[in-house]
Amino acid sequence: MKKFLEGLGAILLVAGVAGVIREMTGGWFHFLGLTRFLTENVGFLEGRELFANIVVAVLGLALAIGASRMAQD
């Protein structure tokens, strides 16, 4: 379970950072927009794409750190 949560956290972190890079460059890097499916299809996130990507990256980091501190079973 620990390795799964660490992997999921890493994936979320990379996706969030890629989304931030995509938003900061004006959408030049379309292949980096893994989270654009979330930000384009959720109504209340419209216009807040950068914030949503930052939140995804921070949640991924927190999940990876939290999982790495879990006790060994």
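Residues numbered from 1 in each chain as written. Predicted model: local features only at pLDDT ≥ 70, side-chain atom pairs only at ≥ 80, totals over all residues. Heavy atoms only, no water.

## Considering helix H3 (residues 49-68)
- Over its 20 residues, H3 runs 29 Å from end to end, which matches the ideal 28 Å to within 8%, given 1.5 Å per residue.
- Taken together, the buried residues of H3 touch helix H1 (2-24) and helix H2 (36-41). (Helix = DSSP H or I, 4+ residues; strand = E, 2+ residues; numbered from the N terminus. Expected span 1.5 Å × (residues − 1). Contact = heavy atoms within 4.5 Å.)

## Digging into the confidence of the model for the protein
- On average, the protein scores 84 in pLDDT, and the residues at 70 or more come to 90%.
- The secondary-structure element of the protein with the lowest mean pLDDT is H2, recorded at 75, while H3 shows the highest, at 92. (pLDDT = per-residue confidence, 0-100.)

## Remarks on a nonpolar patch on the surface
- Together, Met 1, Phe 4, Leu 8, Leu 12 and Met 70 make up an exposed nonpolar region whose accessible area comes to about 500 Å².
- Using a relative accessible area of 34% as the deciding quantity, one classes Leu 8 as partly exposed. (Patch = residues over 30% accessible without salt bridge, like charges linked within 9 Å, V, L, I, M, F, W, Y side chains within 5 Å. Areas by Shrake-Rupley, 256 points an atom, 1.4 Å probe, with all protein chains shown as cover. Salt bridge = Lys/Arg side-chain N within 4 Å of Asp/Glu carboxyl O. Buried < 20%, exposed > 50% of the residue type's maximum accessible area, 1.4 Å probe, protein only.)

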